[in-house]
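Breakdown of the fold
Here are the chains, one letter per residue:
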Amino acid sequence: MPNKNRHHNSTWYKLDLSAIVFPTLQRRDFSSVFRISMLLSEDINPELMQKAIDLSMPRFPTYKSAIHTGIFWRYLEPNNRPGPFLKEDIQNPCMPMPFRSNNRYLIRFFYYKNRIALEAHHSLGDGNGAMCVLQTVVATYLRLLGHEIPNEKYVLDINAEPDPSELEDAYVKYGTAKVKPKRPSDKTFLLNGTKDRIFSLNIITGLLSVKELLEISRKNGVTITEYLVASLIYTINEVQKSRDNRKQYPVRIALPVNLRQFFPSLTLRNFITMVYPYIDPRLGEYTFEDTLKFVHTYLRYSVNDKLLCGDITTNLATQQNLFSRIVPLFLKDPIVRFFYKRVQTKNSSAGLTNLGRITVPEGMTEHIQRMDVYMGQPYSTRTNCAVISYGDVLTVNFTSGIIETDVEREFFRHLVEQGLSVSIETNRNMNE
Amino acid sequence: MAYCVHCGVKLDESIERCPLCQTIVIDPNEFELKELKTKSSAPFPTTRAEVEESGKYDFAILLSVALSATAITTFILNWLLFNDSWWSLYIVGICAVLWVYIFPPITFKKITIYSCLLMDYVSITLFLLLISTQVSEGGWFFPVAFPITTGVFALIDIIVYLMKHVKVSFLSTALYIIISIGIQTAIIESSLDHYLYGSISLSWAAVVIAVAIIISLTFATILSNKKLRSRFRRRFHF
């Protein structure tokens with residue numbers, strides 16, 4: 001919720017529970033930035049698109065803001081500087097966002113031929129919130145081109161005042177469990193590789209048919225998410241076996257869950273939590289079918305409102321602990337970084353985020369060909385995966401700051417062996 | 001559209017090698033038309049960018065100006081007005097030390113930590129030498145200050161090397177630090193005893209060394225035993 005200072009009549013926003021960590025962790029090779037993009041049916045008119053951005057952004061005050069440093073916590077304030085400005089796209093997206101650069105904006109808009117992309121710092125919100133921003137901007141752009149687009153689904157009315165529930169910290173509202181369940185921790189197989197040069201983000205995109213994937217998932221009695229998570233876990237385990245057959249560790253995937261499905265909220269800020277499906281090869285040899293069964297059972301067990309509520313409460317307790325609150329930021333920051341480096345990054349072998357099947361208002365369907373989502377540089381030397389589908393096109397985007405492509409290669413080969421048709425695109429310069 | 005013969009995936013027409021396995025793409029049907037393909041069909045742009053720096057260089061310049069101004073103005077004041085002793089040399093010295101500590105790590109991207117530590121060591125040693133010549137004709141510098149400073153920086157260098165190339169964990173880092181504290185207290189007391197009494201006999205340092213040995217052996221035992229390590233990690237995780 002916005003906080004109003006009665007004397008100076010200025011609004012500011014506390015960072016939500018997920019957001020407080022990201023500004024602390026940002027460094028030159030880890031950006032806490034993600035990107036979502038849309039491929040339109042025609043090349044973009046940059047002047048009109050800039051106008052659409054200028055008209056739409058006031059509707060999203062938490063995205064049109066700047067981050068400031070307080071004594072105990074960071075916070076957001078409205079940013080009235082010129083911008084954000086649409087720029088030509090670059091080969092290496094999701095670069096870090098120094099808080100004082102880019103006119104202090106924590107979002108960027110890029111265009112390239114018929115692609116419009118929005119990059120957002122994770123302290124502003126998650127993929128769901130950013131999708132609202134991007135769809136509203138594109139809807140405004142299409143209206144400027146003369147098309148009629150209704151305000152529904154992710155498209156918000158740019159002439160209306162922001163709903164206070166869009167700005168709320170939903171974690172505080174729903175962190176109501178009476179116990180704080182402990183999280184199990186175990187050693188995990190960690191991918192590693194050779195770091196590419198600074199500010200690099202190597203992308204490999206796989207395009208699949210939603211129909212084909214749905215058919216094969218249903219044949220195995222799982223959902224598309226479960227199928228892809230199992231494929232990634234199985235692939236990483238195969239990579240582990242090929243590297244060192246003696247030492248085997250659990251393969252665990254960090255999978256964000258959109259809490260809005262379980263706890264109604266209109267918030268455009270972060271409202272996700274993580275679950276960690278895994279297999280432990282020390283228990284025996286896992287075939288792909290075994291992995292599917294295990295992941296399916298794990299996710300059916302873990303992804304429900306009770307356990308997720310417990311998870312939110314556990315996270316909230318850390319933030320609301322009196323000691324956490326009174327320790328000044330300059331002491332909190334190194335502690336958070338230390339904890340994240342020593343513990344959190346070693347919790348999972350890779351990340352997979354699935355924004356799911358995205359729909360658009362009736363009038364927009366014919367103007368959009370495809371959507372993509374990219375996670376920024378991983379904190380450690382590994383690869384991350386982001387999935388989104390629109391229409392019959394499902395895109396799987398692997399992003400990493402390393403040169404090796406073992407995981408991507410084995411993952412897509414595995415999908416092809418399963419009978420799926422995969423098309424590949426990349427931003428890597430294959431001529432070097 | 002071409003396929004990779006090893007991976008079985010379809011490849012965008014702008015790609016000449018499979019990005020998954022680096023196999024060259026050869027589509028016999030398009031062999032003659034290959035030279036007509038332009039880069040404009042690429043799905044991703046080819047222009048690279050770098051993010052603007054966050055103002056560290058501006059801070060480095062500001063720091064240099066502030067420290068230089070402090071050093072120069074105090075020196076001039078000392079030389080022209082308050083010239084009963086060379087008191088400004090202390091201020092000039094500490095400004096130089098601060099500059100060496102802060103400026104190179106901020107400004108030079110490729111500088112190694114060992115170079116930074118070496119520069120810090122040289123600057124502190126020279127500053128102590130300066131103080132010793134001003135205070136008492138340098139009597140305590142070589143027997144006391146030099147070995148202590150050399151010991152501190154040598155141990156820091158060793159710890160950094162071990163953390164980079166050997167094991168790094170909470171326990172192993174603590175082990176390195178405890179051992180270093182033990183060694184450093186021995187160096188300190190030895191240097192002081194030798195300077196003051198002409199002979200070395202450890203007293204308070206022996207107590208510190210004994211405690212350091214007990215703690216180090218405990219940590220080393222935990223580190224060398226997998227089950228103990230796992231139990232320790234479980235009970236002490238935070």
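Above this note sits the structure.
Just so you know, these numbers come straight off a predicted model, no measurement behind them. (Residues numbered from 1 in each chain as written. Chains lettered and ligands numbered in written order. Predicted model: local features only at pLDDT ≥ 70, side-chain atom pairs only at ≥ 80, totals over all residues. Heavy atoms only, no water.)

**Some points on the overall build of chain B**
Stated precisely, the cut-off is as follows: Working definition: helices are DSSP H or I runs of at least four residues, strands are E runs of at least two. Numbering for both runs from the N terminus. A simple rule labels every residue: compare its accessible area, found with a 1.4 Å probe on the protein chains alone, to the largest value its type can have, and call it buried under 20%, exposed over 50%, or partly exposed in between. Residue contacts follow a heavy-atom distance rule, with two residues in contact if any of their heavy atoms lie within 4.5 Å. In short, Shrake-Rupley with a 1.4 Å probe defines the accessible areas, and a residue's cover is counted only from the protein chains shown.
The secondary structure content of chain B amounts to seven helices and two strands. In chain B, the succession of helices and strands from N to C terminus is β-β-α-α-α-α-α-α-α. Residues classed as buried in chain B amount to 32% of the 238 residues present. Here the contacts in chain B between residues at least 6 apart in sequence split such that 49% fall between residues at least 24 apart. In the structure as shown, chain B presents an accessible area of about 15200 Å², 70% of it carried by carbon and sulfur atoms.

**Some points on the sheet that holds strand E14 (residues 368-375) of chain A**
Residues and elements named next belong to chain A. Test applied: The pairing criterion is simple: DSSP has to find at least two bridges between the two strands. Note on definitions: angles span 0 to 180 degrees between N-to-C directions of axes, and those axes are lines fitted to C-alpha atoms, for helices only across the stretch in contact.
Read from one edge of the open sheet, five strands run E6-E7-E8-E3-E14, paired in mixed fashion. Two strands close off the open sheet at either side, each with one partner strand: strand E6 (86-88) and E14. Strand after strand, the sheet turns through a mean of 25 degrees between neighbouring axes, direction not considered. Bridging between strand E3 (residues 33-40) and E14 involves seven bridges; their strand directions are antiparallel. By the bridge assignment for E14, Ile36 is matched with Val373. The strands that helix H2 (residues 46-56) touches are E6, strand E7 (107-112) and strand E8 (115-121); relative to E6, the one it contacts most, it runs at about 145 degrees. In the packing of helix H3 (residues 127-144) onto the sheet, the strands contacted are E3, E7, E8 and E14, and the crossing angle to E3 comes to about 35 degrees.

**Structural notes on the packing of H2 of chain A against H3 of chain A**
Residue and element names in this part refer to chain A. The condition that has to hold: Roughly parallel means an angle under 35 degrees; roughly antiparallel means over 145; roughly perpendicular covers 65 to 115; every other angle is labelled oblique. In this scheme, a crossing is called left-handed if the near helix is turned counterclockwise away from the far one by less than a right angle; it is called right-handed if the turn is clockwise.
Contact geometry of H2 with H3 gives a least axis separation of 8 Å together with a crossing angle of 125 degrees. The pairing of H2 with H3 is recorded here as oblique in orientation. In this structure, H2 crosses over H3, and the sense of that crossing is right-handed. Contact residues: Leu48, Met49, Lys51, Ala52, Ile53, Leu55 and Ser56 in H2; Thr136, Val137, Thr140, Tyr141 and Leu144 in H3.

**Description of empty space enclosed by the protein**
Residues and elements named next belong to chain A. Here is the rule: Only protein atoms enter the 1 Å grid used here. Points where a 1.4 Å probe fits but cannot escape make up a cavity, open sets with protein on both sides within 12 Å along at least five of seven lines make up a pocket, and a residue lines them when an atom lies within 4 Å of a point. Grid points are joined across faces, edges and corners, and a volume is the space filled by probe spheres set on the points. For this scheme, ten residues count as nonpolar: Ala, Val, Leu, Ile, Met, Phe, Trp, Tyr, Cys and Pro. Four count as charged, namely Asp, Glu, Lys and Arg, and the remainder, Gly too, count as polar.
A complete count under the given rule lists three cavities of 30 Å³ or more for this structure. Of the pockets and cavities examined, the second largest cavity occupies roughly 70 Å³. Lining the second largest cavity, in full, are Leu191, Asn192, Arg243, Thr381, Arg382, Thr383, Ile402, Glu404, Asp406, Val407 and Glu408. Top element by residues in the lining of the second largest cavity is helix H11 (residues 406-417). It accounts for three residues. Taken together, the residues that form the lining of the second largest cavity break down as three nonpolar, three polar and five charged.

**Remarks on the interface of chain B and chain A**
Where interface size is given, it is often the accessible area lost as the parts come together that is meant. Stated precisely, the cut-off is as follows: Summed over both partners, the accessible surface that disappears when two parts come together, traced with a 1.4 Å probe, is what is meant by buried area. Whenever Lys or Arg places a side-chain nitrogen within 4 Å of a carboxyl oxygen from Asp or Glu, that contact is recorded as a salt bridge. Any pair of N or O atoms that falls within 3.5 Å is considered a polar contact. Within protein, one atom must be able to donate a hydrogen and the other to accept it, and sequence-neighbouring residues count only if both atoms are side-chain atoms.
If you look at the interface, chain B gives 37 residues, while chain A gives 40 residues. Ranking the residues of chain B by area buried against chain A places Leu20, Phe44 and Arg48 of chain B at the top, with a combined share of 23%. Scanning the region where chain B abuts chain A turns up zero salt bridges. Counting the contacts that link chain B with chain A gives ten residue pairs in polar contact (both at pLDDT 80 or more). Across the side of chain B that touches chain A, the residue classes break down as 18 nonpolar, eight polar and eleven charged.

**Remarks on helix H5 (residues 210-219) of chain A**
Residue and element names in this part refer to chain A. Keep this limit in mind: Note that the arc is defined by the directions from the helix axis to the C-beta atoms.
Along H5, the residues classified as buried are Val210, Leu213, Ile216 and Ser217. An end-on view of H5 places all buried positions within 135 degrees of arc, on one side of the element. Facing away from the buried surface of H5 by more than 90 degrees, the exposed residues are Lys211, Glu215, Arg218 and Lys219. Two to three positions downstream of the cap, the backbone nitrogen of Lys211 sits 3.3 Å from a side-chain oxygen, assigning the N-cap of H5 to Ser209. Phi turns positive, to about 75 degrees, at Gly221, one or two residues after H5.

**With respect to the pattern of salt bridges**
Where charged atoms of side chains with opposite charge meet at close range, the side chains can pair. Residue and element names in this part refer to chain A. Taken as a whole and assessed by the stated rule, the structure comprises 19 salt bridges over all chains. Where Arg35 meets Glu119, a salt bridge forms, and the shortest distance between an N and an O atom there is 3.0 Å. One end of the pair, Arg35, is in strand E3; the other, Glu119, is in strand E8, with 84 residues separating them in the sequence. The exposure classification of Arg35 matches that of Glu119, with both residues buried. Among the salt bridges present, the one from Glu425 reaches Arg370, with a minimum N-O distance of 3.2 Å. Pair noted here: Glu425 is in strand E17 (residues 423-426) and Arg370 is in strand E14, with a separation of 55 residues, a long-range link. Across the pair, exposure class does not vary: Glu425 and Arg370 are buried alike. Counted as one network, the salt bridges with shared partners bring together Arg35, Asp89, Arg108, Arg115 and Glu119.

**Side note on the packing of helix H1 (residues 56-80) of chain B against helix H2 (residues 88-107) of chain B**
Residues and elements named next belong to chain B. Across the interface, H1 lies against H2 with an axial gap of 9 Å and an inter-helix angle of 170 degrees. When the interaxial angle is binned, H1 and H2 end up roughly antiparallel. Side by side, H1 and H2 meet where Lys56, Tyr57, Phe59, Ala60, Leu63, Ser64, Leu67, Thr70, Ala71, Thr74, Phe75 and Asn78 of the first sit next to Ser88, Ile91, Val92, Cys95, Leu98, Trp99, Ile102, Phe103, Ile106 and Thr107 of the second. Counted by class, the contact of H1 with H2 contains 15 nonpolar, six polar and one charged residues.

**Some words on the side chain of Asn347 of chain A**
All names here are of chain A. Locating Asn347 in the fold gives a position in the loop between helix H10 (329-342) and strand E13 (350-357). Classification of Asn347 as buried rests on a relative accessible area of 15%. Not counting residues up to four positions away in its chain, the partners in contact with Asn347 are Thr188, Arg252 and Tyr276.

**Examining the pairing of E17 of chain A**
Here E17 of chain A shows no split at all, with Ser423 and Glu425 of chain A on one side and Ile424 and Thr426 of chain A on the other all buried. With four bridges connecting them, strand E9 (residues 202-209) of chain A and E17 of chain A associate as antiparallel partners. Bridge pairing in E17 of chain A places Gly206 of chain A opposite Ile424 of chain A. Of the pairings in the sheet, the one linking E17 of chain A to strand E2 (residues 10-11) of chain B comprises two bridges and is parallel in character. Of the residues in E2 of chain B, the one forming a bridge with Ser423 of chain A is Lys10 of chain B.

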